[in-house]
Amino acid sequence: MKTTVAKTQKTVPAKKLPGLLKKSYTQKQFEKKILKKIYVAADKEFINNYFTADADKTGSVRIPKNSEIAKADFIRLKTLAKEIRQQKFGIKLIPLAALIGAVAAVCIVVSLFKNIVVKRAIVAGMQSAFQAKTDIGYLDFQIFGAKLTIKDLQQANKNDVMKNIFQVGEITFDFNLTELLRGKFDAENITVADVLIGTERKTSGYIPVKQKREEKQNESRIADMQKALLADVQKTLSDTFAEYNPQTIIKNVENNLKSPAMAESTKTAIEETVAKWKDTPESMEKSIREFSSSVDTLVKTDWAGVKDPVKLKEALDTINAAVSQGKNIKAQTEKIASDFKSDTETARRLSKDIGEAIASDKALIDKEIAKFKALKNDGIGGVFDKVLTAFMYNLFGTYYPYVQKGIDTALELKSKASSQPAKKKAKKVSRRMKGTDIYYKNDTVPKFLIEKAYGSGANWSLAAKEVSSDPDKRGKPAELSAAFAVKGIDNAISAVIDGRRKTDNPLLSAKYSGSGFPLSLKIDDAYSLAAHSSALSCTVLGDDDGSFSVRGSVDMRGMKITTPSFEPAPVYEIYRKATERFTALKVGFTAGYTVESGVTLSLDTDAAERFAAVFQSLLASELTSITASAREKVNELLAEKTGGVSAEIAKLADIQNGIKLQEANFGDMNAALEKAQRDILKQLAGQTGSDAVQKAAGALKGLFGR
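An account of the accompanying structure is given in this report.

Conventions we followed
Residues numbered from 1 in each chain as written. Predicted model: local features only at pLDDT ≥ 70, side-chain atom pairs only at ≥ 80, totals over all residues. Heavy atoms only, no water. Helix = DSSP H or I, 4+ residues; strand = E, 2+ residues; numbered from the N terminus. Contact = heavy atoms within 4.5 Å. Areas by Shrake-Rupley, 256 points an atom, 1.4 Å probe, with all protein chains shown as cover. Core = buried A, V, L, I, M, F, W, Y, C linked by side-chain atoms within 4.5 Å. Buried < 20%, exposed > 50% of the residue type's maximum accessible area, 1.4 Å probe, protein only. Pairing = 2+ DSSP bridges. Phe/Tyr/Trp six-rings, centres within 6.5 Å; stacked < 30°, edge-to-face > 60°. Salt bridge = Lys/Arg side-chain N within 4 Å of Asp/Glu carboxyl O. Axes fitted to C-alpha atoms, helices over the stretch in contact; angles between N-to-C directions. Parallel < 35°, antiparallel > 145°, perpendicular 65-115°, else oblique. Left-handed = near helix turned anticlockwise from the far one by under 90°. Nonpolar A, V, L, I, M, F, W, Y, C, P; charged D, E, K, R; others polar. Polar contact = N/O pair within 3.5 Å; in protein donor to acceptor, adjacent residues only side chain to side chain. Arc of directions from axis to C-beta. Expected span 1.5 Å × (residues − 1).

Turning next to the overall build of the protein. Looking only at helices and strands, the protein has 19 helices and 18 strands in total. For the protein, long-range pairs separated by at least 24 residues make up 68% of all intrachain contacts whose partners lie at least 6 apart in sequence. Accessible area for the protein stands at about 41700 Å²; split by element, carbon and sulfur atoms hold 54% of it.

Printed below as a string of structure tokens:
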């Protein structure tokens, strides 16, 4: 081969070649170390032409040391030398032994701890999802048998920690071992057996759960919305029926009432009169009682049986003294009565005026109450609608966390774009390899895949298809469905999770229907709704930004609503009776959540109109009793406003009655003395001369003024 080139062509000295091409080789070595590692015939011929007989070693070949090589050929030789070096192969025993030991150690560790690791992973995942304890009685993960078996799986109920939501006798996963060796879990088939619902637990299923900040915020928003609705309800009721409140009626006619102002102005004068005379009846009673005691023997003696003239004469003297004393008492009593009449003349006039004013005010109030031809019920339907909305917020708040967890789960199953920025492709230097035919096929198995799962038993069934961590590889959405019945409560749910990046479907589309379950909703201690049997059906649509919408209806039977009382009490009774008429109700609803708007809820029902009609009908029938109750309450309030002076007038009347009573008592006592006098005179007439009797009688008559 020529080793010289034209002067105009660029050349490179042979001494700059890689060391592999500067060596001298025997023909056998040249074949083994150089030509055997070149697979393209043209390359073999090219490099063979450069190796010539070595002048220094007989039977050897090499590239002449001092030759000049064209630059293009130099580059080609250098590339071939690089490819030859890359095909070097050799086994180093120490690194190989270390590798075998490491692999053996990994296999031992995996065989010893694989069941523990898988069990802990399943328990952690389920406890995070259900927020209650998960128990697994037995787990066996057979890597080379491509099978996972779980027995006695119990999932506790967070709302009743001594009961399980479900208990599974056995679950078997048949997976693809080839894909598992590639770091992917492909469950080709799942079977479930011996499922029980609502079983009792021997130990508590409670675990402390840290609530997410977003869940707390949304629960707080729901509570605030409930409070705002119920506050608006109370304000509407108060404003609507304020004019039927006794206090309001008094306020409306207050400027025209006469009795309160008159009572206030005359109360002092009457109080002074009462204070002056309050002790008089008692004083009179004491004086008359003492006098009565002093003549008691004279009055009660049977003088017809006394024959002794001396004794009769003594008795006559005693009666004369008593009569003289009685004359003084009578004069005092008459003066007291006269003075009392004079002092109380003004009080009697004021009492009469106040009585007339009170009668006039009652007539005015009756006229005001008479305006209640029909009670207004503006907004009462809206009140009932807001109460229902508050209860639906309560129901929505109960199930909102489950919907949100469903969205979070769907997001985990959504195909994700690569999180690393695309790297700039490095310029690759092509090299020739041994000719081999290579066939490619699409990778359709993601890292996690459940191709098909199904289980069924008494009153339950479960199915799942195409549940994967990368739906784009499968080209299909995940499909889930379940149906089960517990203690007469039927439940059915189906869901489609489409996590593909290019799809027109929502991330989550789910349907739920349930019937036969009791419903109990409570908002503080004042508002509650209970239904013996309810049916719920709804459709949930969720997007990958965390927002979702729920549309459905709830049908309640055996329903009872409890609300707080309000004034006026008779109107509240009508409201309560109208509420009790609703023992069955179907309510359509649309609820949702977005980051911008938060939680929203609206109802679709004719309950407001129906409630307003029932309420109006009951109001009309109870109008008479309502007005009578209002009149009674207003009169009581009016009595309170005038009660002070009325009490004083009553005291004054009691004093007057007491004085009159004592006057009457004194008159009776005088009549008894007169009778005793006549009896004594009669006896004396029989014992002495008639002249003496007549003279004594004249003296007595003068004493009594008769």
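So, on to the nonpolar core. Ranked by size, the top nonpolar core spans 85 residues in total, and within it M556, Y575 and F615 carry the most contacts. The element best represented in this core is helix α14 (residues 380–412), accounting for 13 residues. With 22 residues, the next largest nonpolar core counts F30, I34, I38 and F46 among its residues.

What follows is about the sheet that holds strand β4 (residues 60–62). A sheet is described by the order of its strands in space; here 3 strands give the open sequence β2-β4-β3, paired in antiparallel fashion. The strands lining the two open edges of the sheet, one partner per strand, are β2 (25–26) and β3 (52–53). As paired elements, β3 and β4 share 2 bridges and run antiparallel to each other. Each bridged residue has a counterpart across the sheet, and for A53 the counterpart in β4 is V61.

Counted by the stated rule, this structure contains 13 aromatic pairs. Their ring planes at 65° and their centres at 5.5 Å tell us that F46 and Y50 sit as a pair that is edge-to-face. Placement of the pair is F46 and Y50 together in helix α3 (residues 41–50), with a separation of 4 residues, close to one helical turn. Each member of the pair, F46 as well as Y50, carries the same accessibility label: buried. Pairing F548 with Y593 gives two aromatic rings, centres 6.1 Å apart and planes at 35°, and the pair type is tilted. One end of the pair, F548, is in strand β16 (residues 548–562); the other, Y593, is in strand β17 (residues 584–594), and 45 residues separate them in sequence. When its relative accessible area of 5% is taken as the criterion, F548 is described as buried. Taken together, the aromatic side chains of F384, F566, Y572, Y575, F582, F611 and F615 make up a single cluster linked through ring pairs.

Once that is clear, we can look at the pattern of salt bridges. Applying the stated rule across the entire model yields 11 salt bridges. For E573, the salt bridge goes to R576, with nearest N and O atoms at 2.6 Å. Taken as a pair, E573 and R576 lie in helix α16 (residues 569–580) at a separation of 3 residues, close to a single helical turn. Exposure remark for E573: the relative accessible area of 32% places this residue in the partly exposed category.

Helix α17 (residues 607–621) packs onto α16 with a crossing angle of 135° between their chain directions and a minimal axis gap of 9 Å. The orientation of α16 relative to α17 falls into the category oblique. Relative to α17, α16 is oriented so that their crossing is right-handed. Counting all contacts with α16, which are made through V571, I574, Y575, K577, A578 and T579, the residues of α17 involved are F611, V614, F615, L618 and L619. Within the contact of α16 with α17, the residues separate by chemical class into 9 nonpolar, 1 polar and 1 charged.

As a further point, take the side chain of N164. Structurally, N164 can be placed in strand β8 (residues 160–175). Among the polar contacts made by the side chain of N164, one reaches the side chain of Q154 at a distance of 3.0 Å. Ignoring anything within four residues of it in the chain, the contact list for N164 reads Q154, Q155, A156, N157, G198, T199, E200 and R201.

To continue, consider the pairing of strand β15 (residues 527–542). Alignment of strand β14 (residues 508–523) against β15, held across 14 bridges, turns out to be antiparallel. When the sheet's bridge partners are listed, K522 is paired in β15 with S528. In this antiparallel pair of consecutive strands, β14 and β15, the connection spans 3 residues, and D524 shows a positive phi of 50°. Pairing geometry for β15 and β16, over 14 bridges, is antiparallel. Bridged to S537 within β16 is S553. The antiparallel hairpin formed by β15 and β16 contains 5 residues in its connecting segment, where G546 sits at a positive phi of about 90°.

Okay, α3 next. Since one α-helical turn is 3.6 residues long, residues separated by three or four positions face the same way. Of the residues making up α3, those classed as buried are D43, F46, I47 and Y50. Along the axis of α3, the buried residues cluster in a sector spanning 85°; they form a single face. Along α3, the residues that are exposed and aim more than 90 degrees away from the buried face are A41 and E45.

Helix length check: α16 (12 residues) gives 16 Å between terminal C-alpha atoms against 16 Å at 1.5 Å per residue, within 8%. Along α16, the positions that sit buried rather than exposed are V571, Y572, I574, Y575, A578 and T579. Buried residues of α16, viewed axially, fall in a sector of 155°; they line one side.

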